[in-house]
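For reference, the chains in residue letters:
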Amino acid sequence: MAAISHILERGAEGATLGQRIWKSRIDYLFLIPGMLVFGAFIFWPMIASFYYSTLDWTGFGAHSEFIGLANYAELLNDEFFYSAFKRSFLFMLATVPFQMIVGLMLAIVLNNKFLKLATVFRAMIFLPVVSPVAVIAIVMVLMLSPFNGPINGFLIETHLVSRAVDLLGSPQMVLWTLAGIFVWKWTGITLVYWLAALQTVPDELYEAAKLDGVKTWQVIMHIVLPIVAPFAVVIGLISAISALNVFPLIQATTQGGPFFSSEVMEVYIFRTAFAPSSGQFPRLGYASAAGVIFGLSIMALTILQVIAVRRVRRKEAENV
Amino acid sequence: MSDAALPPGRMRQSIFTPRRKRFITSIVLAVMCVIWIYPLIWMIAASFKPNSELFTNPGMIPNRPTFENYGRAWTEANMQRYFFNTLFVTVGSVLITTIAAALGGYVLGRREFPGKWPLMGLMVFTLFIPQGYTIIPVFQLLTTLGLGQSLWGLMLATCGHSIVIFILLFAGYFTQMPRELEEASRMDGVGPVKTFWYVMLPLAKPIVVTVVVMQSLQAWNDFLLPLVITLANPAMRTLSVGIYSFKGEHFVDWGGMMAASTIAIGPIVLLFLFLQRYFIDGLAGAVKG
Amino acid sequence: MSGVKLTNVKKSYGAVEVIRGVDIVIEEGEFCVFVGPSGCGKSTLLRMIAGLEEISAGTIAIGDRRVNDLDPSQRGTAMVFQTYALYPHMTVERNMGFGLLMNGVAKSEVKAKVDKAAKILQIETLLNRKPRQLSGGQRQRVAIGRAIVRDPDVFLFDEPLSNLDAELRVATRLEIAKLHGQLQGATMVYVTHDQVEAMTLADKIVVLRDGRVEQIGAPMELYEDPDNIFVAGFIGSPKMNFVEVKGDKLPDGRPLRLSGSQSNAVATLGVRADALERAGPGAGTIAGEVSVVERLGDAEFVHFRTPWGQELVARFPPGAAVRVRDSLQFALTGKVHFFDAEGRVLRDVAMAGNPVAAEA
């Protein structure tokens, strides 16, 4: 009864909107700090991006001119834009499946409640997640260096290769090397997601299967995987979206090089807006337009995620 | 290895008792995990080697351990300054974010007022818009406010990264709290501000810790925003940007670079090790929620 | 100390009216219980007195002050919540003193008040514990203690026993009754859906239904002389037996001889279990076949099925030799209540002598 009355309380007293606002003045006061941050750094930039994308604007403080959709028209004919766009999604396709599979395998092993050191192992696998990307980048550059880098040293000593390989310096290999580093850095988080999903498998199922004499791998194939499968959609999409956010890793490791061969979308935007190659002006409006297009693509992907989550929820509700 | 996923025991006897199997699994996992964090171990080891030894001694243990690298990184490469810049940005943004999110989340989770639902809708909507692409307007706004070249500007902008998620996290938590607690304090004649501070906020401690660790992680490791803000002003660099430019400016000094990296990674890893559960619960919430 | 007066109090949520004009006078020092089925508005009414719900129309006065627009903390009331609402992160002592401390009362004074209340409730040894370290009954006492510390004119209890197990509920009921005696002159308003709690605790019972007062009176008044069929059925255990009456006849056709000017209007006859007495064969008014016998030790409740298929109950002295499937006859020996088609009591109707038993 009390709960219903609480819901109905809103606007119940027949007060005018002004009176209700005045009565809630303390609530608005509480909201001010959060809304200032939200408004300034999330809401406003979102709106402004669209506006900036219609400008010919050559740098902060410089004169800008409204040119309508000209930036968008130009983007459609920009080789670099297309390549960067393609690379971003290629990078996503290269990393997400690995991250998912490695994460799931580790999660299944670590989910054993009799494994006393499970939390220690989990923490170790999680360490790269909390490490600053800039640090990871520099360590990787040194470790993978063709000149005395320890990885090449190891490969040569064990005769796996005869000459040092420049994993980050070769246009053919750089994107795949970066993908490998990315998977290593973020698998810890996918592992945690999978562990959360595995919590939904009731212990009784393991026990019942054990009493039935079912083999471990059969339990995994026929009981565990079908139960956590719906989560794969959610985890996959969360991972996919973060795999499109690779600016720090790539900028700090290769700056998009060599010869633009690892220039993904964000690096392209950064270069266009802030670090033009010599002899060019920064093009803020043009970069904004590229950002808007890429942002909308990610938004489409996110909406897919929401739909997928809904589906999963509905399925769960039916099963319960 | 996969046997470890199950509570131990099988119907038929085997030479691998469940206990032994777990033991073997643990050993295998331990070796794997050490390889996993080998780059980080290598980094720490290298930070104690003199530059001359770095190329000749591939082993872990330095022949002549030295702190010289740290000395050089700390003073010559300005890591000292970058460290305190980062600390300022992290502590400041954690304070602002936590207080702002707790206040906002409390109001949105507990109170009814005109405009509440449109506001919630707007905030949820922005969750679907990627934020990395808004760097240009953010920088332009800070410039307009005269904060484009200042640590204050960087700190404020850093607060924006996850504010919506934090507000919703608090709102969700406060919604579940029994209404009677507030009513009891209202009967006691305790005003809204004191009720929030003495009753509601202490009860939200798990969320406060989660927000603190998540925002610390974000602020400490942030790269794009500090990079852009400090492009024209190297004195404002944070550790992440400092290490990034170290590579360009002192490329021959590997030892110094590794020492600088260890300085950058140390505090956040310690924070993680102490508050592991909150880091992991906070992130795992993304799947459950 | 002061009483509470409600005058034509109304409450609506939008178009839904949940309290429809209530008038109640609670005297100073009185123990008043609001009772009624769930959804009757009793909790809302209590929360309106407390100031937690706004009043849509009418007046609430505490003492001689109109409190409609006063803040809850200024009304001189203290509330004990159903869920106790103890602050989980504070010790018992701080829980009890929190309100006073926040309002700038000196620490030593707060301490003295908390100690005094703790002594009354015998929880002195619990003062340094947190609520989660207490049992349900102890939490209940702390919640009451928090109310006592504020030294209110009026105590408000919102179903305070409903989260306790049956045994503790009886014990705590006694404690609350004792407490009322101890706190001389404190007015108490108590909400419950349990009529036994109402009967045992109250000086005055207010029976509510659908946002309206059905009847106000002392417990025995309501028991012996209910105003209407709802109160008659709600108060008393087991529930009063109701039998439909059509044109001076019972459903099986047996005639009823009634006297009084309104006897034509009688639609329902009500009789409590202890007003039915076993009669010899052919001598009763109501007949039935025994379906269940509940033996409570000091009495036996005999449930029987009438020829028209209704389950009724009669109270027998202990040791009555009654078995399931016995066919019995019952005489209406005690007080019989008559109600009209709207359920209102017809006070001037009475049974005209012993009814003649005859087959129709």
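Relevant structure appears above.
Residues numbered from 1 in each chain as written. Chains lettered and ligands numbered in written order. Predicted model: local features only at pLDDT ≥ 70, side-chain atom pairs only at ≥ 80, totals over all residues. Heavy atoms only, no water.

Some remarks on the sheet that holds strand β4 (residues 57–62) of chain C
Residues and elements named next belong to chain C.
Right, on to step 1. Here 4 strands make up an open sheet; going across it, the order is β2-β1-β4-β5 and the pairing antiparallel. One side of each edge strand has no neighbouring strand; the edge strands of this open sheet are β2 (16–26) and β5 (65–66).
Right, on to step 2. Packed on one face of the sheet, helix α1 (residues 42–50) meets β1 (4–13), β2 and β4 and runs near 115 degrees to β1. (Pairing = 2+ DSSP bridges. Helix = DSSP H or I, 4+ residues; strand = E, 2+ residues; numbered from the N terminus. Contact = heavy atoms within 4.5 Å. Axes fitted to C-alpha atoms, helices over the stretch in contact; angles between N-to-C directions.)

Describing the interface of chain C and chain B
Right, on to step 1. Listed by partner, the interface residues are 24 residues for chain C and 16 residues for chain B.
Right, on to step 2. Summed over both sides, the interface between chain C and chain B buries roughly 1800 Å², with carbon and sulfur atoms accounting for 63% of that surface.
Right, on to step 3. Of all residues in chain C, Y87, H89 and M102 of chain C give up the largest surface area on contact with chain B, accounting jointly for 28% of the area buried on that side.
Right, on to step 4. A salt bridge links D188 of chain B to R150 of chain C, with the nearest nitrogen and oxygen atoms 3.7 Å apart.
Right, on to step 5. Where chain C touches chain B, the interface holds 7 residue pairs in polar contact (both at pLDDT 80 or more).
Right, on to step 6. Take the side of chain C that touches chain B: its biggest share by element is 4 residues, from helix α2 (residues 92–102) of chain C.
Right, on to step 7. The class makeup of the residues in the side of chain C that touches chain B is 13 nonpolar, 7 polar and 4 charged. (Buried area = accessible area lost by both parts, 1.4 Å probe. Salt bridge = Lys/Arg side-chain N within 4 Å of Asp/Glu carboxyl O. Polar contact = N/O pair within 3.5 Å; in protein donor to acceptor, adjacent residues only side chain to side chain. Nonpolar A, V, L, I, M, F, W, Y, C, P; charged D, E, K, R; others polar.)

Overview of the sheet that holds strand β19 (residues 336–339) of chain C
The strands making up a sheet associate through hydrogen bonds between their backbones, and the pairing can be parallel or antiparallel.
All names here are of chain C.
Right, on to step 1. Strand order in this open sheet of 3 strands is β11-β13-β19, and the pairing throughout is antiparallel. Single-partner strands in this sheet number two, and they are β11 (241–244) and β19. Going from strand to strand, the sheet's axes swing by 25 degrees on average, the running direction of each strand aside.

Side note on the nonpolar core
Right, on to step 1. Membership of the largest hydrophobic core comes to 226 residues, with the highest contact counts inside it found for F34 and L45 of chain C.
Right, on to step 2. Broken down by element, this core gets its largest block of residues, 15 residues, from helix α9 (residues 174–198) of chain A.
Right, on to step 3. Counting 45 residues, the second largest nonpolar core, distinct from the first, contains F155, F157, I176 and I205 of chain C. (Core = buried A, V, L, I, M, F, W, Y, C linked by side-chain atoms within 4.5 Å. Buried < 20%, exposed > 50% of the residue type's maximum accessible area, 1.4 Å probe, protein only.)

Quick notes on the state of the cysteines
Joining two cysteines, a disulfide is a covalent bond between their sulfur atoms.
Right, on to step 1. Tallied over the full model, the rule gives 0 disulfides over all chains.
Right, on to step 2. The thiol of C40 of chain C is unpaired, and the distance to the nearest cysteine sulfur, on C32 of chain C, comes to 13 Å. (Disulfide = S-S within 2.5 Å.)

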